[in-house]
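Given next are the chains, with one letter for each unit.
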Amino acid sequence: MIIRKNIKVFLIVFLVILLVTIGVVYIYKNSQNNSMGSQVIIESVPKTIGDSPTEIIEPEDKSTTGALMQDTYENNKLTYVYKSRQKNGVEITYPEISGLNSDSIKNSINSQISDRIDRILDSNTFRTNSDDSAYVNATITSNFSDVLSVKIFVKFTDSFSKNYGVNFRLDNGNRIKIDDLFTSNAPKKNIITSSAYKSFIVNYYTEDGISNDFYTNIDSDIVNFLSEYNSGKVTEFSFTPQVIELYRDGKTVKIDMQQYHQYMTIYSKFDTNEDLYKDDYNNGKDIPVFVQRPECVYDLFEKPNSTCYIDVVLYDKNGQYDFSEGEMKIIREYRNSLYSRLNGIRETSNVYYSNYVSIERKIENNVEILVFEEEEKFAAVEDNFNDRIYNQILVEQRDVNADNTSESKIYVLDDDMIASASMERKFDIQTGNEIVERQEGEDNQDSENGNGSNNSTENTNQVTNSTSNEVNNSGNSVENTQGNSVNNSGGDIDARVTF
Amino acid sequence: MKKVISAIFPILLMVIASVICAGIYLFFTNKFSFGSKVQNNAEASQNMTAGDNSIILSENELPRIGTSIFTQSLAKEIIKDYTQNPNVSEEALSCFELEEGYQKLLNGEIDVLLTTEPSEEALSLAQLSGTEFETQLIAKEGFVFYVNKNNPVNSLKVSQVQQIYTGEFTNWSQVNGNSTDIIPFQRVDESDVQRQMKSVVMKSLSLMNPPMENFNDKVYGRINDVIAMYDNSENAIGYGLYNESNILYNFEEDVDNGVKILKINDVEPNYDSIKNGSYPFVTSYYLVKLKNNSSETIDIFKDTLLSDRGKQIIKEAGYIDN
């Protein structure tokens, strides 16, 4: 009995040990298999990265919808200057941004732009295909909704050039992918195919119409581009508020965002509603989507109420945008003064106000001065503002050609609705003081200086003081205030807009 | 002492037995795993060596290949497989338009051409050069018609397609669709697709005038009177070769406003229906060489393409093997 009992115990203990051992082995083996499974997944990741349009994978995918035609957007309070440098004898013009709260993001974006240009110039493609006429011109094409788009034009030779693009989120400095521009359900291939057809047609457009090569080549042009896109090789792009441009091998496909507005996400996808910027001035806001704002140093677009539409830009007449810090200080003060003057308009109704202010450097009497030339236009109606003014301007602005960047769009309206005025103000670049001139034989009424520091000189323009209620649509008027502390022109503007 | 030994001994026995059992378990399970790996490799190897397929060539050893735009992807897959290199250099193949490829073949600039059947013009060119083309059918492809996926029409008869494109049918209600005008988009004249449309679909019938469009280019301004490209609007219909169309359009269901391929005579264009001929619109692709060019390289290239290995390449490239 004892032996039998021992055998029973022996067998039970043996079975328990056996089961435990096999269990441990089984668990160990499964854990090995699981790690092998993970490895397979990890191994597949680089392939996905390589195939993706850009090399940066964003873990976050904020669900967004396309743009509605009545949506609006806001310009970033980000400033930039264009700088020049040389690399291997190639002249490079590039933007350098400032005005972000985060210096590390600002530095990261600036260095990414610079690095991208350097990598292009270091590439075999550039080295073997360029000549002495080569240069690089990088420009900012979008600066709104917390995103930034930079188009890099690279001239290789007189007959060959290519475009590249780098695009950023301003909340973290990460790069934007092509797919980020579209909703997830967008028929991207359909959109790119249709756009490629229209984009490539212009390559065959001659003075005599479309060339015969178009008929034999267009299919292969499109299939080749789409094949490249499908295989993830179309990675270069830039965008404006109106157009997405895709680049590949010297070919550009332009996608009209307005036509596919329901699939366009860039106006909202990375808009953070956070305070990313140092400056707090109100610049372009309430801008209707797909309206292209001109390139300018300041954009004061706004729509303060449903029937008032203010469209003001300050732009460099010579298109250089290479203002020094001292000049920028003058421009900022001018902008603030102009912004204050708009208060009178903001409270009006049924009025469109545009003021395109060109800024130009000049030397007069051996003094370097900054000249601000305003071209004001007003359009007003008694009623039905939206149909008679706003919608017409909107259509015109959405349809404007890309190179038509600094002209007022008000000419689409009937002449009898429009009144215009212009004026000029000059500032000493060294002192920052306004040079107030007087015309001989004109009223010698003293101009008041907003900060008490301006010099009064002979004036060639008509002076309109702050208390005048005169309507002056044809002569030149000079606002006699300076700085951002004075707002004494509201009555003047009110008088103008109620004609 | 004896007690201790008699107590430890069974425990030792149990541990040894357990270890042996675990070892046996691991041996068998590993053996099966290793076995399946070996089997997979063997299968892969067998696929590679089907027919006369142990041949692996460098790009330099391949014949100089010309393609049309619609056989370019097929040619790339062939080169990838023959060279066992996923990267195909730009020099490995040249893509030509229509008669240009035949002219290059006649000039001796390329050795073989993968393209559609030689046209009358191409045959004339050969005759003028005092030679002949030798053609070998290698692959087929469906010529497909597509509409917006929201269009309720799923199938058209051959005659209905022809009536739409002669201009006889102008409203979708005439083919059991909504009561809206049909916009029958076409391809540009002189393109390979348009030529296939005429020969494979319309036969002796004349195509109506295509829809034209004007548009505003942001840089060049107004551009007028160009043949309109299929726009996938809800009353549009367009056409093309299957693989080309699949490159250009979203046939997937998960996108908004996707594109839907129509059945013809209630037959869906797929591998089986094109291979067995029940789908009526089929385009054939040929390997074309000069009859008097008896290069061994070309023969190896052709024979491999006609082998099981070649058929597999063709199938995987999205075409229908012959």
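Definitions and cut-offs
- Residues numbered from 1 in each chain as written.
- Chains lettered and ligands numbered in written order.
- Predicted model: local features only at pLDDT ≥ 70, side-chain atom pairs only at ≥ 80, totals over all residues.
- Helix = DSSP H or I, 4+ residues; strand = E, 2+ residues; numbered from the N terminus.
- Buried ≥ 20, exposed ≤ 12 C-beta atoms within 10 Å, placed from the backbone.
- Contact = placed C-beta atoms within 7 Å.
- Domains from an automatic or database assignment.
- Nonpolar A, V, L, I, M, F, W, Y, C, P; charged D, E, K, R; others polar.
- Pairing = 2+ DSSP bridges.
- Axes fitted to C-alpha atoms, helices over the stretch in contact; angles between N-to-C directions.
- Parallel < 35°, antiparallel > 145°, perpendicular 65-115°, else oblique.
- Left-handed = near helix turned anticlockwise from the far one by under 90°.
- Core = buried A, V, L, I, M, F, W, Y, C linked by C-beta atoms within 7 Å.

> Just to check I follow, could you spell out the overall build of chain A for this structure?
Per the secondary structure count, chain A includes 9 helices and 22 strands. Taken over 499 residues, chain A has a buried fraction of 36%. Within chain A, residue pairs in contact and separated by at least 24 positions form 62% of the contacts whose partners lie at least 6 positions apart.

> Whenever I open this one, the overall build of chain B confuses me. Can you help?
Helix and strand content of chain B: 10 helices and 13 strands. Expressed as a percentage of the 322 residues in chain B, the buried residues total 32%. Of the contacts made within chain B by residues no fewer than 6 positions apart, 71% connect residues no fewer than 24 positions apart.

> When you look at the domain arrangement of chain B in this model, what are you seeing that I'm missing?
Accessible area lost when the parts come together is the quantity often used to give the size of an interface. Residues and elements named next belong to chain B. Split by domain assignment, chain B resolves into domain 1 (59-140 + 283-321) and domain 2 (142-270). Distance between the C-alpha centres of domain 1 and domain 2: 29 Å. Taken together, the contacts link 9 residues of domain 1 with 7 residues of domain 2. Tallied by class, residues from the side of domain 1 that touches domain 2 come to 4 nonpolar, 5 polar and no charged.

> What exactly am I supposed to notice about the sheet that holds strand β4 (residues 135-144) of chain A here?
One key point about sheets: their strands pair by backbone hydrogen bonds, in either a parallel or an antiparallel sense. Residue and element names in this part refer to chain A. Pairing is mixed in the open sheet, where 5 strands are placed in the order β2-β3-β4-β5-β6. Of all strands in the sheet, those bounded by a partner on one side alone are β2 (79-87) and β6 (160-169). The mean inter-strand angle of the sheet, taken between neighbouring strand axes irrespective of direction, is 20 degrees. Relative to β4, strand β3 (residues 90-98) runs parallel, the two sharing 3 bridges. For isoleucine 92, the partnering residue across the bridge sits in β4 and is valine 136. Sheet strands in contact with helix α2 (residues 103-122) are β2, β3, β4, β5 (147-157) and β6, and its direction is about 165 degrees off that of β3.

> Teacher, can you tell me more about the pairing of β2 of chain A here?
All names here are of chain A. In this structure, β2 lies alongside β3, joined through 9 bridges in antiparallel fashion. Of the residues in β3, the one forming a bridge with tyrosine 80 is isoleucine 97. Between β2 and the antiparallel strand that follows it, β3, lie 2 residues; asparagine 88 among them carries a positive phi value of about 50 degrees.

> Honestly, the pairing of strand β17 (residues 367-380) of chain A in this entry has me stumped. Any pointers?
Successive side chains on a regular strand alternate, one facing one side of the sheet and the next facing the other. Residue and element names in this part refer to chain A. Two strands pair when backbone bridges link them, and strand β16 (residues 351-364) and β17 are joined in this way by 14 bridges, in the antiparallel orientation. Bridging from a neighbouring strand, isoleucine 359 pairs with phenylalanine 372 of β17. The turn joining β16 and β17, which pair antiparallel and follow one another in sequence, is formed by 2 residues; a positive phi near 50 degrees is taken by asparagine 365.

> How should the environment of leucine 290 of chain B be read in this particular structure?
All names here are of chain B. Tracing the chain through its elements places leucine 290 in strand β12 (residues 282-290). On a C-alpha basis, the gap between leucine 290 and alanine 126 in space is 8.8 Å, while along the polypeptide they are 164 residues apart. Setting aside its immediate chain neighbours within four residues, leucine 290 contacts Leu105, Thr131 and Phe133.

> Where do I start with the packing of helix α3 (residues 99-107) of chain B against helix α4 (residues 120-128) of chain B in this structure?
Two quantities define a packed helix pair, namely the angle between the helix axes and the distance between the axes. All names here are of chain B. Here α3 crosses α4 at 20 degrees, and the two axes come no closer than 9 Å. Relative to α4, α3 is oriented roughly parallel. Here α3 runs over α4; the crossing is right-handed. Of the residues in α4, those in contact with Glu99, Tyr102, Gln103 and Leu106 of α3 are Glu121, Ala122, Leu125 and Ala126. Each residue belonging to the contact of α3 with α4 can be placed in one class, and the counts come to 5 nonpolar, 1 polar and 2 charged.

> What is the right way to look at the packing of helix α2 (residues 72-83) of chain B against helix α10 (residues 308-316) of chain B in this model?
Residue and element names in this part refer to chain B. Contact geometry of α2 with α10 gives a least axis separation of 9 Å together with a crossing angle of 135 degrees. Comparing their axes, α10 and α2 come out oblique. Between α2 and α10 lies a crossing of right-handed hand. Seen from α2, the contacting residues are Leu74, Glu77, Ile78 and Asp81; seen from α10, they are Ile313, Ile314 and Glu316.

> Explain the sheet that holds strand β11 (residues 251-256) of chain A to me, please; I cannot follow it from the model alone.
Residue and element names in this part refer to chain A. Read across the sheet, 3 strands follow the order β9-β10-β11 without closing on themselves; strand pairing throughout is antiparallel. Among the strands making up the open sheet, the edge pair consists of β9 (236-239) and β11. Here the average twist between neighbouring strands, direction ignored, is 20 degrees. Two strands pair when backbone bridges link them, and strand β10 (residues 243-248) and β11 are joined in this way by 6 bridges, in the antiparallel orientation. Across the sheet, the residue bridging to glutamate 245 is lysine 254, located in β11. Contacting β10 and β11, helix α4 (residues 188-201) crosses the sheet at an angle of about 115 degrees to β11.

> Where do I start with the nonpolar core in this structure?
If you look at soluble globular proteins, the nonpolar side chains tend to sit buried side by side. Among the nonpolar cores identified, the biggest contains 161 residues, and Leu226 and Ile310 of chain A are the most heavily contacted of them. Residues within four places of leucine 226 of chain A in sequence aside, it is in contact with Lys189, Ile192, Thr193 and Ala196 of chain A together with Ile247 and Leu248 of chain B.

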